[in-house]
Amino acid sequence: MKQQTRTLADRQAKPLTKLLLGVLTWIVVLIFFFPVLWMALTGLKSETDANTSTPHFIFKPTFAQYASVWKGAGGLNGLPPYLEHSVIVTVVSTLLVLLLALPAAYALSIRPVRKWRDVLFFFISTKMLPVVGAIIPLYLIARNLHLLDHVLLLIILYTAINLPIAVWMLRSFLLEVPAEVIEAARVDGAGLVRQLRRVIIPIISPGLAATALICFIFAWNEFFLAVNLTTVNGATVPIYLVGFVQPEGPFLAHLSAAATIACLPVLLAGWAAQDKLVRGLSMGAVK
Amino acid sequence: MARASSSDATRAATPADRGVTGQAAATLDGRPVPGRGGVAVLARIRRWLDRRFFVLAPLPGFVLVAAVTLVPIVLGIYLSFTNYQPIHPTYQWSGLVNYRGLVHDPQVHQAVKNTVIFAGFGLVIEMILGVGLALLLARPARGISVFRTLYVLPLMVAGIASAVAWRALLNTSSGWINYLFSVVGLPQPNWLASPHTAMPSVLLADVWSGAPTVAIIVLAGLLAMHKDPVEAARVDGATDWQIFLRITLPALRPVLAFAAVFRLVDLFRQIALFQVVTGGGPGLATTVLNFFVYQTTFVFGELGYGAALAVLLIVMMIIPLALFARLARRSA
């Protein structure tokens, strides 16, 4: 236990304080967990059960909503085409990001060129711009290139959006690689491609995996660009959700089921990457 | 050329490497043999690429990011000086008309006010709750790793899905919040329909994912903190509160600054919640600038005016962006 970090709340606290803090942690975490739980539960209800005047925990669970989300029923579209677009866009853009980011991060961390700080800063500052400021021109450009409502458009956009995070994240991992290892690889006379493939990638593969998962999460969850630039042929899962939002009550259970399915891959990815999540969120600044 | 030949010498010393990567590596590593034509050129190109690698490697990414972010922004600034509307195919340069318009537009005033309220309150609440949450989770209690897994759920749930969830929770008749209010005998407002409660409702939903975001960053900072000063202060008889204010907080300052800037930028850019939970209403009660740009552009179809509003938003964000720039440079 001595190894563990001690903080303010820790000290040789009185048993009562300790108990109270424990209970508080339970309550707080449950509060944060509850909306997700409730969404998943509501997805298992019939529409009448979902719209009772008081919320119920006890109900007859049904997979009808999940089934109708999957197959589409009563004039409602099914989710699979949207899922397919989401998978294509997320996977391809994540791979492209890694392909572009790894050499960039390697170069920027091992032997920075002049003005490299500016390059790095440029990368990161674009991540901070409001997407809404770029959406109109993006729409017009995409329309002229006949890319509207096309998965390719989202692939390009998500690659560009995730690239800065990936470069910074990978750079933070690369900075942890002992300089001697890289020097040894270079003295060994290996070409750069080989240095990357044989020396660098094996060493930072956990970091690479974490970076991929972070990019996956961001691309999967992206909503604003998708909703404004695609309608049918390139539409991703969030657009399916938005489609059911307008009417007040009638689709609550259906929507919850769909939202639960939409969240599942990301929750799994996030769970797998939880140790490195903070690095992704802070773009490598916090470890 | 001297450099190339010397590295060739070292390469020749490790012939075992060649077999692994096959033909391509052999051409790369081998000396450019005169008379082998294409292969020699290829080898020369490869070596040139190797030497220029550190300049060239970031280039494709740089170009892509610039094309996707800077080009649209510059084009947007241009559009903001026109009266472009998609339903009228022709448009003209209209100078400062859009900007003059937004200065006198009461809706814009309201949207700016709402943005400041939303971002300001959101930031303060999320920072305080986030730090509190991080302190709770930094304790070495039994099962704490389970909690550390659960509390990050909100920040992985898609913004749109969390908006859907909160819409249901805030529902006047079937939502949990009013149910809990009725149990303890409080009045049950129509959260999203009243101009007084709509903004707090959206804030609540944003805090739900924002506080854990702050917490995860602060928690990492807490766990990486040196324990010695805390121990020393404790030996000297400092109270928990003194330790927190004098040691923990100052040590966390860089981490806190990062979290704050990240949240501020994201609060300015929040859109899913407004689109799904309130639609900017009732009236203009929850119309923040980001959402107003969207409405003006895509609902009202006034692209020129929308572009001018977007420029206003970017200008408003310059302060957090500049703060971020300083932090990023310092850490780089």
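Residues numbered from 1 in each chain as written. Chains lettered and ligands numbered in written order. Predicted model: local features only at pLDDT ≥ 70, side-chain atom pairs only at ≥ 80, totals over all residues. Heavy atoms only, no water.

With respect to the pattern of salt bridges
All names here are of chain B.
- This model, assessed by the stated rule, comprises 4 salt bridges over all chains.
- Arg263 serves as the salt-bridge partner of Glu126, at 2.7 Å between the closest nitrogen and oxygen. Linking Glu126 in helix 6 (residues 106–137) with Arg263 in helix 13 (residues 240–269), this pair joins segments that are 137 residues apart in sequence. Arg263 matches Glu126 in its accessibility class, with the two residues each being buried.
- Across the salt bridge formed by Arg263 and Asp266, the nearest N and O atoms sit 3.8 Å from each other. Placement of both Arg263 and Asp266 in helix 13 is noted, with a separation of 3 residues, approximately one turn of the helix.
- Judged by relative accessible area, which is 7%, Arg263 ranks as buried.
- For Asp266, a relative accessible area of 32% puts it in the partly exposed group.
- One network of salt bridges, with partners in common, ties together Glu126, Asp206, Arg263, Asp266 and Arg269. (Salt bridge = Lys/Arg side-chain N within 4 Å of Asp/Glu carboxyl O. Helix = DSSP H or I, 4+ residues; strand = E, 2+ residues; numbered from the N terminus. Buried < 20%, exposed > 50% of the residue type's maximum accessible area, 1.4 Å probe, protein only.)

A closer look at the domain arrangement of chain A
Residue and element names in this part refer to chain A.
- According to the domain assignment, chain A consists of domain 1 (2–67) and domain 2 (79–281).
- Contacts between the two partners involve 12 residues from domain 1 and, on the opposite side, 13 residues from domain 2.
- Summing both sides of the interface, domain 1 and domain 2 together bury roughly 880 Å²; the carbon and sulfur share of this comes to 67%.
- Of all residues in domain 1, the largest losses of buried area upon contact with domain 2 belong to Met39, Glu47 and Tyr66, amounting jointly to 52% of the total for that side. (Domains from an automatic or database assignment. Contact = heavy atoms within 4.5 Å. Buried area = accessible area lost by both parts, 1.4 Å probe.)

What to know about the packing of helix 11 (residues 198–223) of chain B against helix 13 of chain B
Residue and element names in this part refer to chain B.
- The interhelical angle for the contact between helix 11 and helix 13, taken along N-to-C directions, is 150°, at an axis separation of 9 Å. Here helix 11 is positioned roughly antiparallel relative to helix 13, judged by the angle of their axes. When you trace helix 11 past helix 13, the crossing you get is right-handed. Along its contact with helix 11, which presents Asp206, Gly210, Thr213, Val214, Ile217, Val218, Gly221 and Leu222, the element helix 13 presents Thr248, Leu252, Val255, Leu256, Ala259, Arg263 and Leu267. (Axes fitted to C-alpha atoms, helices over the stretch in contact; angles between N-to-C directions. Parallel < 35°, antiparallel > 145°, perpendicular 65-115°, else oblique. Left-handed = near helix turned anticlockwise from the far one by under 90°.)

Some words on a nonpolar patch on the surface
Residue and element names in this part refer to chain A.
- A cluster of nonpolar side chains, namely Leu16, Leu19, Leu20, Val23, Trp26, Ile27, Leu30 and Ile31, defines an oily patch on the protein surface of about 830 Å² accessible area.
- Locating Leu20 in the fold gives a position in helix 1 (residues 15–42).
- You can call Leu20 exposed: its relative accessible area is 53%. (Patch = residues over 30% accessible without salt bridge, like charges linked within 9 Å, V, L, I, M, F, W, Y side chains within 5 Å. Areas by Shrake-Rupley, 256 points an atom, 1.4 Å probe, with all protein chains shown as cover.)

Concerning the nonpolar core
- Residues Val167, Ile204 and Leu277 of chain A together with Tyr151 of chain B are the most contacted members of the largest nonpolar core, which totals 204 residues.
- Of all the elements, helix 7 (residues 151–174) of chain A adds the most residues to this core, at 16 residues.
- Two domains each donate at least three residues to this core, and these are domain 1 (2–67) and domain 2 (79–281) of chain A.
- Setting aside anything within four residues of it in sequence, one finds Ile204 of chain A in contact with Leu102, Leu170, Phe173, Leu174 and Val177 of chain A. (Core = buried A, V, L, I, M, F, W, Y, C linked by side-chain atoms within 4.5 Å.)

Notes on the environment of Ala193 of chain B
All names here are of chain B.
- In this fold, Ala193 is placed in the loop between helix 10 (176–183) and helix 11.
- Judged by its relative accessible area of 43%, Ala193 falls in the partly exposed class.
- Separated by 28 residues in the primary sequence, Ala193 and Gly221 place their C-alpha atoms 41 Å from one another.

Points about helix 6 (residues 131–144) of chain A
Residues and elements named next belong to chain A.
- For helix 6, built from 14 residues, the straight-helix expectation of 20 Å at 1.5 Å per residue is met to within 8% by its first-to-last C-alpha distance of 20 Å.
- Bending of helix 6 peaks at approximately 30° at the position of Pro137.
- His146 occupies a position one or two residues after helix 6 and carries a positive phi of about 55°. (Expected span 1.5 Å × (residues − 1). Bend = angle between axes of the 7 residues up to and from the residue.)

So, the confidence of the model for chain B
All names here are of chain B.
- On average, residues of chain B carry a pLDDT of 80, and 87% of them reach 70 or more.
- Contacts from residues 1–33, a stretch scored under 50 in pLDDT, to residues over four places away or in other chains number 35 contacts.
- On the interface metric, ipTM, the complex scores 0.81, and its pTM is 0.82. (pLDDT = per-residue confidence, 0-100.)

Quick word on helix 9 (residues 159–169) of chain B
- For helix 9 of chain B, a buried count of 10 out of 11 residues is recorded, marking the element as mostly surrounded by other parts of the structure.
- Packed against the buried residues of helix 9 of chain B are helix 1, helix 11 (237–242) and helix 12 (252–272) of chain A together with helix 10, helix 11 and helix 14 (272–278) of chain B.

Notes on the environment of Arg139 of chain B
- Within the secondary structure, Arg139 of chain B sits in the loop between helix 6 and helix 7 (144–150).
- It is 9.6 Å that separates the C-alpha atoms of Arg139 of chain B and Leu223 of chain B, two residues lying 84 residues apart in sequence.
- Within the structure, Arg139 of chain B has its side chain in polar contact with the side chain of Thr25 of chain A (distance 2.9 Å). (Polar contact = N/O pair within 3.5 Å; in protein donor to acceptor, adjacent residues only side chain to side chain.)

Notes on the packing of aromatic side chains
- This structure, assessed with the given rule, holds 20 aromatic pairs over all chains.
- Where Phe34 of chain A meets Trp176 of chain B, the ring centres are 5.2 Å apart and the plane angle is 85°; that geometry is what we call edge-to-face. One end of the pair, Phe34 of chain A, is in helix 1; the other, Trp176 of chain B, is in helix 10, on a second chain.
- Aromatic pair Phe216 of chain A and Trp220 of chain A: ring centres 5.7 Å apart, planes at 25°, arrangement stacked. Of this pair, Phe216 of chain A and Trp220 of chain A both sit in helix 9 (residues 192–221), 4 residues apart, which is roughly one turn of that helix.
- With relative accessibility at 5%, the residue Trp220 of chain A sits in the buried group. (Phe/Tyr/Trp six-rings, centres within 6.5 Å; stacked < 30°, edge-to-face > 60°.)

Brief notes about the packing of helix 6 of chain B against helix 13 of chain B
Residues and elements named next belong to chain B.
- At their nearest, the axes of helix 6 and helix 13 sit 10 Å apart, and the two run at 140° to each other. By the angle between their axes, helix 6 is oblique relative to helix 13. In the packing of helix 6 onto helix 13, the handedness of the crossing is right-handed. In this structure, helix 6 uses Thr115, Phe118, Ala119, Gly122, Leu123, Glu126, Met127, Val131 and Leu135 to contact helix 13, whose residues at the interface are Phe244, Leu256, Ala259, Ala260, Arg263, Leu264, Leu267 and Phe268.
- Partitioning the contact of helix 6 with helix 13 into residue classes produces 13 nonpolar, 2 polar and 2 charged. (Nonpolar A, V, L, I, M, F, W, Y, C, P; charged D, E, K, R; others polar.)

Description of the interface of chain B and chain A
- Contact residues are listed per partner, giving 109 residues for chain B and 115 residues for chain A.
- Where chain B abuts chain A, roughly 9900 Å² becomes buried across the two surfaces, and 75% of that area is made up of carbon and sulfur atoms.
- The three residues of chain B that bury the most area against chain A are Phe54, Met156 and Trp176 of chain B, which together make up 8% of that side's buried surface.
- Scanning the region where chain B abuts chain A turns up 0 salt bridges.
- In this structure, the connection of chain B to chain A is made through 4 residue pairs in polar contact (both at pLDDT 80 or more).
- For the side of chain B that touches chain A, the element with the highest residue contribution is helix 4 (residues 59–79) of chain B, accounting for 15 residues.
- In terms of residue class, the side of chain B that touches chain A is made up of 79 nonpolar, 18 polar and 12 charged.

Considerations on the confidence of the model for chain A
- Summing up the model confidence of chain A, the mean pLDDT is 81 and the portion of residues at 70 or higher is 86%.
- pLDDT under 50 marks residues 1–6 of chain A. Its contacts with residues more than four places away, or in other chains, come to 13 contacts.

Details of unusual backbone geometry
Residue and element names in this part refer to chain A.
- Even without glycine at this site, His146 takes up a positive phi of about 55°.
- Inspection of the secondary structure assignment puts His146 in the loop between helix 6 and helix 7.
- Residues other than glycine seldom take positive phi values, yet Asp149 does so here, at roughly 60°.
- Turning to its location among the elements, Asp149 is positioned in the loop between helix 6 and helix 7.

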